[in-house]
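A closer look at the structure
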Amino acid sequence: MTQVNEKQENTIINDKQENNKAFGNSELPQTTKGRENTKLSCFSPSLKVNSADVDHGQTNPRGHLVGDEQFEKELPKLFNLIVQRYEGETCEGQFHGEGVACFKGGHVYKGMFSRGLMDGAGVFIRADGLKYEGEFVCNKPMGQGTYTWPDGSSYMGEVYDGVRHGTGTYKCAKNGVVYKGQWDQGKRHGKGRVYYNQDKTSWYKGDWVTNNIEGWGVRRYPSGNVYSGEWKNNRKHGEGTMRWRTQQYVGKWVDGVQHGQGTHVWILRRAAGSQYSQSNQYTGDFVQGQRHGQGTFHYAGGAIYEGEWKNNKKHGKSKFTFKDGHIFEGEFVDDQMMTPSLHRNRVLTPLRGAFPLSDSDTAILGPNVALNIECLLDKIPERKHDTELKQVGYVVLRQDTELRSIYSFYSRLSHGHSPDNTFMLSRLQLWRLLKDCNIHHHDITLIQIDHLIKEDATTDIHSPFTPMLFCRLLCCLVIVAYHIYNKDMVSQRNLLASCLSKLMTDNILPNVKNVKGFLFGQPDLSLVAVNYMKRCWEVYQAYCRVNAAPRNDRTMTYRHLLWMFKDLHLLDNKLTTVRLLEIITAESPEPKNLSSCLEQEITFLEFFEVLLGCAEVKCQQVSEGLEESLPRSNTEARKGLPEVEASHSVPVPPSSSTTPEISSLKPVEIEKPSDTVELLLAQDLGGQQDVSEGPQSAEHTQGHRGRGKAMQTSRMELWTQTIHQFFNHFFFPAFEHHQLVTRNVNEHKLCLDKAKQTARKTEHKKADE
């Protein structure tokens, strides 16, 4: 073997004769003056590198996945390359060993030669920048190799006859698509995984047949939805399971849609205290993605429908079991029950509000939202019912994103962490929402709203712990809107929709999420306060009075609250009557007759927030003692807390959007009261009380941000100590003592009554004798 470093301009290199069709002639390379160029048969038929599929659900008329064409990378078909220059080793006049060949057109090969052919490890670079680096066998890419395209796309893996064959990885530089798996004759075939984006949140893993998804595989979509099951021609086909965020389907698929037997589940709530725990479930026949044929629907509320379906609606012979156990067996038409009328004719009876999912009533709002506003429809002519419901649905649909955001925001108040970060809205949080939006400024109280939105008489309509679904919040807003604005909107064509639009525009959207009040106004501190809520609810119930028929409920007024503070001896030189009244009226719209204010019925939210406001005033010594241990900046921030007796200041409930600090409980200075509690309660409360409001004594401290975790911890400790001091050292012991004294007094009275009765009987007996 000799080393050749000079140009060989007149050498022709042909392939072996026995492989004439593929490789050409087998003559060894010779140097002759009669031959001007060298021909080298190189590469096999075209090599196409297709990208991974962007969307498995769509194919073009050729059967390829949409997006394949734009990622196809092609190598030349079989052709002869003419060697213009060679530098390297030779043997017996042939290229043999390591060398560099420069071809006509600008192509270059550097690597191993054997008997005049590219054979072994080498690098071939086309003039357009396409590069192959790997193994060659008889002028063909064969074995392990890497293709790199000018745009950065690459294939690394097994190659046979110049095409991808075996196991390899293709990466598309244009969009980050990556396919890792098996190939057959240049096509994805066998087992493989494709990633459709760079963060690998969208992918498919499973079987492939000639570049198509076919067989069994798992597809994760960018939204997080996952399908696992059988595929055919890039579409879901056969048995499979599709999991959405709040839905799941298990059953048959045909050409990408639900078709055949299957079970579809709609998740409504998930866990105790969470927004999700129950679900609607349909098991039966599907046709082209719709419930059609025989099927059974189990509703979250307990109702069951068994029978025929047509185009997603209950239609035909069926059996419907209501949640109370009542059974209807008969015929449904377009989701409505056929019932006999007084004239023995069958009429359509809509099941509006009977269960949480009704296709006819929720066509606009979706399957999980059903408005039960029968109490309002009774006030409207029957011919307008469907129109009113539809128009209300459109209003809700326009505000759907904001309404769901509101539900999510208020349902998280006073909650810490949740595994799924979802909670159910409680009545307590609903009250706070309504007060934040100033609904109580329209001559309607929260207690009255409780009565307006009550569903049945079996539950305590004033319990703060009652959970409410999203659809129940919508019903509440529609009902409240009607009672506030029905007189103003009576001339409008669609009364309910007009009232709801005005409520959203004038009250909800401008004020929502600006949380006020002592309980929720400071999110971190509310986590401490809620620990005392259950016990305070028992106290609230103890001081409630039974109302006359037809209400027959138990409520409390602000006057009862004043009497409670007097009975428990909680009023002193710090927490005076006037200061207590200032806390009570902190969120009142405008000063009004004190007598009417005292007669106002209050919910547990208003009761509990008064207690929290009083805690700041009653326990000033605790607050001041802890302030000394705080950094200087925090002490300044606490200047807004109630001062010593001389200032006679009353805290005002904070707003979370403006002052997220405990220091936002700023005082309002008033003149020193001269009346005692006994005198106030004894005098006629029909006149207007002169409770003058002076200038604020505290300046809001700026720069709350960046004070650090230590500052926040100190404020939490201060608030915890203050609340603990008030409830465990003042309020609860006073209540227990009062209850004990009351029981003793009642027992003493009972003994006296029995003694008197015994004495009377003895006297009568003596008189008879």
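Above this text sits the structure in question.
Presented here is an overview of the structure given in this document. Source: prediction; values computed, not measured.

With respect to the element layout, Gly307 can be found in strand E25 (residues 304–310). Sequence spacing of Gly307 and Glu331 is 24 residues, and the spatial spacing of their C-alpha atoms is 9.1 Å. Dropping the residues within four chain positions of it, Gly307 is found in contact with Gly293, Gln294, Gly295, Lys317 and Ser318.

Relative to the helices and strands, His107 is located in the loop between strand E8 (94–103) and strand E9 (108–114). On the basis of relative accessibility, which here comes to 15%, the residue His107 falls in the buried class. Within the structure, the side chain of His107 is placed 3.0 Å from the backbone nitrogen of Ala127, a separation counted as a polar contact. With residues near it in sequence (within four places) discarded, His107 still touches Leu81, Ala101, Cys102, Phe124, Ile125, Arg126 and Ala127.

With seven of ten residues buried, helix H11 (residues 558–567) is to be regarded as a mostly interior element. Listing the buried residues of H11 in full gives Tyr558, Arg559, His560, Leu561, Leu562, Met564 and Phe565. Just downstream of H11, His569 is the residue with a positive phi angle, here 55 degrees.

This next bit is on the packing of aromatic side chains. Summed over the entire model, instances satisfying the criterion amount to 48 aromatic pairs. With a centroid separation of 5.5 Å and 85 degrees between ring planes, the pair formed by Tyr204 and Trp208 is classed as edge-to-face. In this pair, the class of Tyr204 matches that of Trp208, namely buried. An angle of 15 degrees between the planes, with centres 5.5 Å apart, marks the rings of Trp537 and Tyr540 as stacked. A residue pair is termed a helical-turn pair when its members lie 3 or 4 positions apart in one helix, as Trp537 and Tyr540 do in helix H10 (residues 533–543) at three residues. The class for Tyr540 is buried, based on a relative accessible area of 1%. A cation sits over an aromatic face here: Arg188 above Tyr179, 5.9 Å from the ring centre.

In this structure the tally under the stated criterion is three cavities of 30 Å³ or more. Surrounding the largest cavity, Val395, Val396, Gln399, Leu403, Leu474, Leu477, Leu500 and Met504 form its lining. Of all elements in the fold, only helix H3 (385–398), helix H7 (470–485) and helix H8 (495–511) reach the threshold of two or more residues within the lining of the largest cavity.

So, about the packing of H3 against H8. Running from N to C, H3 and H8 cross one another at 20 degrees; their axes reach a closest spacing of 7 Å. The orientation of H3 relative to H8 falls into the category roughly parallel. Judged by the twist between their axes, the crossing of H3 over H8 is right-handed. Taken together, the residues of H8 that come into contact with H3 (itself represented by Glu388, Gln391, Val392, Val395, Val396 and Arg398) are Leu495, Leu496, Ala497, Leu500 and Ser501. Here the contact of H3 with H8 is composed, by residue class, of seven nonpolar, two polar and two charged.

You will see that Asn139, though not glycine, has its phi angle at about 75 degrees, which is positive. You can see Asn139 is positioned in the loop between strand E11 (131–137) and strand E12 (140–148). Asn139 gets classed as buried once you look at its relative accessible area, which sits at 1%.

One can find Glu306 in strand E25. Separated by 23 residues in sequence, Glu306 and Thr283 place their C-alpha atoms 9.7 Å apart. Excluding residues within four positions of it along the chain, Glu306 makes contact with Gly295, Thr296, Ser318 and Lys319.

This part is about the pattern of salt bridges. Using the criterion set out here, one finds 19 salt bridges in the structure. For Glu736, the salt bridge is made with Arg535, and the minimal N-O distance between the two is 2.3 Å. You can see Glu736 sitting in helix H18 (residues 708–768) and its partner Arg535 sitting in helix H10, a full 201 residues away along the chain. What makes Glu736 partly exposed here is its relative accessible area of 42%.

Conventions and cut-offs
Residues numbered from 1 in each chain as written. Predicted model: local features only at pLDDT ≥ 70, side-chain atom pairs only at ≥ 80, totals over all residues. Heavy atoms only, no water. Helix = DSSP H or I, 4+ residues; strand = E, 2+ residues; numbered from the N terminus. Contact = heavy atoms within 4.5 Å. Buried < 20%, exposed > 50% of the residue type's maximum accessible area, 1.4 Å probe, protein only. Polar contact = N/O pair within 3.5 Å; in protein donor to acceptor, adjacent residues only side chain to side chain. Phe/Tyr/Trp six-rings, centres within 6.5 Å; stacked < 30°, edge-to-face > 60°. Lys NZ or Arg CZ within 6 Å of the ring centre and 35° of its normal. 1 Å grid on protein atoms, 1.4 Å probe; cavity = no way out; pocket = protein on both sides within 12 Å on 5 of 7 lines; lining within 4 Å. Points joined across faces, edges and corners; volume = space filled by probe spheres on them. Axes fitted to C-alpha atoms, helices over the stretch in contact; angles between N-to-C directions. Parallel < 35°, antiparallel > 145°, perpendicular 65-115°, else oblique. Left-handed = near helix turned anticlockwise from the far one by under 90°. Nonpolar A, V, L, I, M, F, W, Y, C, P; charged D, E, K, R; others polar. Salt bridge = Lys/Arg side-chain N within 4 Å of Asp/Glu carboxyl O.

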